[in-house]
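# Observations on the model geometry
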Amino acid sequence: MPPPEAMYCAQQINIPPELPDILKQFTKAAIKTQPHDVLQWATDYFSALSKGQDLPVKERLEMPVATQKTDTGLTPGLLKVLHQQFAPKEIITKEELLQKWKGLCLPIEQLDTILALGNFSENINWMHFFALGCSALGGTIISALKHACEILTEDPEGGAAQIPFDTFQSLYTYLAHLDGEIPKEQIDSFLHSLEKECQGGMVQPSNFTSLRSAEKSE
């Protein structure tokens, strides 16, 4: 006669005490991030978790930005995730970026477009890539810089979205030079006027949007 099927009881099954919380946090992260390839994203999630790295998780559920026909592209929340992962480094490799990009299930075509716009080599200045990522979200330089402030700020949600003037200056100068149609004198004049308007060395969107509106009305 074949041996009886093995019988298990609760005392025989050892469940690691941390497992329920790990699965709970993973589920919450998946709901907030809404990855299009759950298996690919889960691989990156648990890899980062095991290494003590920043997790590929959005702070909150978000809708796709208005300029996207579908919800498969880069969003402010996903760009913020990438920034949290790469911010400690000034220079990253294309391979590192590709790995994290795939981990967030973002389209490779969009990555290739941004890399081509920045004419990046194997080694990539992260803040330059970040600036172009903001451009992919906003279209215009001003819109891109608004996204940058909202992503980089340490203000609470709904706050002024301030960032240091030096950071703003670096992002604006890079995007303006890449645009190629803004004279250096105009770049310098805009930054000089903005610096005088800012309080405590911090810039917020209302500073540069009102300044740009005033310039257009002159």
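For the structure, check the block above.
First things first, this report covers the structure right here in the doc. The model shown is predicted, which means the values in this text are computed figures rather than measured ones.

Take the overall build of the protein chain next. Secondary structure assignment for the protein chain yields 10 helices and 4 strands. Ordered by position from the N terminus, the helices and strands of the protein chain form the series α-α-α-β-α-α-β-α-α-β-α-α-β-α. Residue pairs in contact within the protein chain that sit at least 24 positions apart in sequence constitute 56% of those at least 6 positions apart. Carbon and sulfur atoms make up 55% of the accessible area of the protein chain, which totals about 13,100 Å².

If you look at the biggest cluster of nonpolar residues, it comprises 47 residues, and the most contacted ones within it are L97, F129, F130, F168, Y172 and F208. Elements supplying a minimum of two residues to this core: α3 (76-86), α4 (94-103), α5 (108-118), α6 (126-138), α7 (141-152), α8 (165-179) and α9 (184-197). For this core, the leading source of residues is α7, giving 8 residues. Excluding its chain neighbours within four sequence positions, the residues that come into contact with F130 are L79, H83, A148, I151, L152 and L171. With 8 residues, the next largest nonpolar core counts A30, W41, V57 and C105 among its residues.

Below, the discussion takes up a nonpolar patch on the surface. A grouping of I13, I15, L19 and L23 is seen on the molecular surface, where their side chains present a nonpolar patch of about 360 Å² in accessible area. With respect to the element layout, I13 can be found in the segment before α1 (19-33).

Moving on, we come to the layout of surface pockets. In this structure, the largest pocket encloses a volume near 430 Å³. Along the walls of the largest pocket sit 19 residues, with E59, R60, K80, E150 and E157 positioned nearest its centre. Counting only elements with at least two residues in the lining of the largest pocket, the list comes to α3 and α7. If one sorts the elements of the lining of the largest pocket by residue count, α3 sits on top with 5 residues. Per-class residue counts for the lining of the largest pocket are 6 nonpolar, 5 polar and 8 charged.

The tally for this structure, following the rule as stated, stands at 13 aromatic pairs. Each ring, one from Y45 and one from F46, has its centre 5.1 Å from the other, and the planes form 85°; the classification is edge-to-face. With a relative accessible area of 32%, F46 lands in the partly exposed category. Ring centres 6.4 Å apart and planes at 50° place the aromatic pair W126 and F130 in the tilted group. Of the two residues, W126 and F130 both sit in helix α6, 4 residues apart, roughly one turn of that helix.

The rules we used
- Per chain, residues are indexed from 1 in the order of the written sequence.
- For a predicted model such as this one, the threshold for reporting local features is a pLDDT of at least 70, and the threshold for listing and counting side-chain atom pairs is 80 or more; totals across whole chains, interfaces and linings nevertheless cover every residue.
- Based on all heavy atoms of the structure, the side-chain values leave hydrogens and waters out of the count.
- For the purposes of this entry, the term helix denotes a DSSP run of H or I that reaches at least four residues, the term strand denotes a run of E that reaches at least two, and both are numbered from the N terminus.
- It only takes one pair of heavy atoms within 4.5 Å for two residues to be counted as in contact.
- Residue-level accessible areas treat just the shown protein chains as cover; the underlying method is Shrake-Rupley with a 1.4 Å probe.
- To qualify as a nonpolar core, a set must consist of buried Ala, Val, Leu, Ile, Met, Phe, Trp, Tyr and Cys residues joined through side-chain atoms within 4.5 Å.
- Relative accessibility decides the category of a residue: with a 1.4 Å probe and only protein chains considered, values under 20% of the type maximum give buried, values over 50% give exposed, and everything between is partly exposed.
- The residues that make up patches have over 30% relative accessible area and no salt bridge, and they are joined within 9 Å when like-charged or within 5 Å when they are Val, Leu, Ile, Met, Phe, Trp or Tyr.
- Take a side-chain nitrogen of Lys or Arg and a carboxyl oxygen of Asp or Glu: if they are within 4 Å of each other, that pair is a salt bridge.
- Method remark: on a 1 Å grid restricted to protein atoms, a set of points is classed as a cavity if a 1.4 Å probe fits but cannot get out and as a pocket if it is open with protein on both sides within 12 Å along at least five of seven lines; lining residues have an atom within 4 Å of a point.
- Grid points are joined across faces, edges and corners, and a volume is the space filled by probe spheres set on the points.
- Residue polarity is assigned by list, with Asp, Glu, Lys and Arg as charged and Ala, Val, Leu, Ile, Met, Phe, Trp, Tyr, Cys and Pro as nonpolar; anything else, Gly included, falls into the polar class.
- Stacked, edge-to-face and tilted labels apply to pairs of Phe, Tyr and Trp rings (six-membered ring for Trp) whose centres lie within 6.5 Å, assigned for plane angles under 30 degrees, over 60, and everything in between, in that order.

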